[in-house]
Amino acid sequence: MGKALSIKDEATYELVADLASKTGVSMTQAVNDAVAHRLDELAKLRETEAADWLARVKGHNIAADFMADRWQPPLEPRKP
Amino acid sequence: MKLLLDTNVCIDLLRAVDSQVSIQFLAAVRAGHDLMVSTITLFELETGIARRGRIDGEVAGLDELIRGPFQIATFDRHASKAAGDLAAEMLATGRQLAACDALIAGHARALGAQLVTADAKLALALKEVGVVDWRVP
């Protein structure tokens, strides 16, 4: 809920006004619907940006053979 | 939810060898989780690059990686205490964590984050919060 209330951008305000004027719903309902809609839009935007980033980093190989040194003895019992 | 991505997850994202990791990464982004990468992981990746003579492609890969949709979490005094406590707890049970395991697992604990890792053995060290393995569907 705290996250939803933090969506105070212009697009959300416009959406609230649009919903309230066109559908005749209460202002509270319009705010709730608009925030839910904007949260979904922002989530999709985040995902799209992340997918673009993933496409850019994919195929960059960083040698990880050194990781074997880390993984070999991770949780072996200590010798008395 | 806070999620600290272990080094092996970063490598999976770079190599794109396991699409399941990519799928779960995108799902976490969409869900709005707070994704973080430790400076200890950057150290490990820098080590890998340095050992091969800082090849241009690998340096570029790391440069691009740190522009990803996550916060770079600095290993600070709080993290050092948590890592020290964790290492001591494991030693008390007769088990010894590799240094970077202890540092990253301790960092996750200090951040109050779940550790995303393919190293299932770290679940023992972080049993109070558990670990997540994105290789598992």
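Since the model is a prediction, treat every value here as computed from it, not as a measurement.

Engineer: So what exactly am I meant to see when it comes to the overall build of chain B here?
Structural biologist: Counting secondary structure elements, chain B contains seven helices and six strands. Counting from the amino terminus, chain B carries its helices and strands in the arrangement β-α-α-β-α-α-β-α-β-α-β-α-β. The C-alpha atoms of chain B give a radius of gyration of 15 Å, which matches the 14 Å a tight globule of 137 residues would have. If one aligns the C-alpha atoms of chain B with their principal axes, the spans along those axes are about 45 × 35 × 25 Å. Within the span of chain B, comprising 137 residues, buried residues form 42% of the whole.

Engineer: Can you walk me through the overall build of chain A in this structure?
Structural biologist: The secondary structure content of chain A amounts to four helices and one strand. For chain A, the sequential pattern of α-helices and β-strands runs α-α-α-α-β. Per-residue burial for chain A yields a buried fraction of 11% across its 80 residues.

Engineer: Can you walk me through the pairing of strand S1 (residues 2–5) of chain B in this structure?
Structural biologist: Residues and elements named next belong to chain B. Looking at chain direction, S1 and strand S2 (residues 34–38) are connected through four bridges and run parallel. Of the residues in S2, the one forming a bridge with Leu4 is Met36. Where S1 lies against strand S5 (residues 114–116), three bridges are found, and the strand directions are parallel. Considered in S5, the bridge of Leu5 is made with Val116.

Engineer: Can you help me understand the nonpolar core in this one?
Structural biologist: Proteins that are soluble and globular tend to have nonpolar side chains buried together. With 43 residues, the main nonpolar core has Leu4, Leu5, Cys10, Ala105 and Leu115 of chain B as its most contacted residues. Setting aside chain neighbours within four positions, we find Leu115 of chain B in contact with Leu4, Asp6, Ala105, Ala108, Leu122, Leu126 and Val131 of chain B. Judged by nonpolar contacts, the second largest core, of six residues, contains Leu15, Val16, Ala30 and Ala34 of chain A.

Engineer: Explain the sheet that holds S5 of chain B here, please?
Structural biologist: Through backbone hydrogen bonds, the strands of a sheet pair up, either in parallel or in antiparallel fashion. Residues and elements named next belong to chain B. Read from one edge to the other, the open sheet built from five strands follows the order S3-S2-S1-S5-S6, with strand pairing classed as parallel. Since the sheet does not close on itself, it has two edges, and those belong to strand S3 (71–73) and strand S6 (131–132), each with one partner. Relative to S1, helix H6 (residues 99–111) is tilted by about 165°, and along the sheet it contacts S1, S2, S3 and S5.

Engineer: Which parts of the structure should I look at to understand the packing of helix H3 (residues 39–51) of chain B against H6 of chain B?
Structural biologist: For any two helices packed against each other, the geometry comes down to the angle between their axes and how far apart the axes lie. All names here are of chain B. The contact between H3 and H6 brings their axes to 9 Å, and the two run at 150°. Taken together, the axis directions place H3 and H6 in an arrangement best described as roughly antiparallel. Residue-level inspection shows Ile40, Thr41 and Glu44 of H3 in contact with H6, the latter providing Cys100, Leu103, Ile104 and His107. Here the contact of H3 with H6 is built from residues that sort into four nonpolar, two polar and one charged.

Engineer: Looking at this structure, how should I read the packing of helix H3 (residues 27–57) of chain A against helix H2 (residues 19–31) of chain B?
Structural biologist: Between H3 of chain A and H2 of chain B, the shortest axis-to-axis distance is 8 Å and the interhelical angle comes to 145°. As for how H3 of chain A packs across H2 of chain B, the hand of that crossing is right-handed. Contacts between H3 of chain A and H2 of chain B pair Ala43, Arg46, Glu47, Ala50, Ala51 and Leu54 of chain A from the former with Ser22, Leu26, Val29 and Arg30 of chain B from the latter. Of the residues that constitute the contact of H3 of chain A with H2 of chain B, the class distribution is six nonpolar, one polar and three charged.

Definitions and cut-offs
- Residues numbered from 1 in each chain as written.
- Chains lettered and ligands numbered in written order.
- Predicted model: local features only at pLDDT ≥ 70, side-chain atom pairs only at ≥ 80, totals over all residues.
- Helix = DSSP H or I, 4+ residues; strand = E, 2+ residues; numbered from the N terminus.
- Rg over C-alpha atoms; globule rule 2.2 N^0.38 Å.
- Buried ≥ 20, exposed ≤ 12 C-beta atoms within 10 Å, placed from the backbone.
- Pairing = 2+ DSSP bridges.
- Core = buried A, V, L, I, M, F, W, Y, C linked by C-beta atoms within 7 Å.
- Contact = placed C-beta atoms within 7 Å.
- Axes fitted to C-alpha atoms, helices over the stretch in contact; angles between N-to-C directions.
- Parallel < 35°, antiparallel > 145°, perpendicular 65-115°, else oblique.
- Nonpolar A, V, L, I, M, F, W, Y, C, P; charged D, E, K, R; others polar.
- Left-handed = near helix turned anticlockwise from the far one by under 90°.

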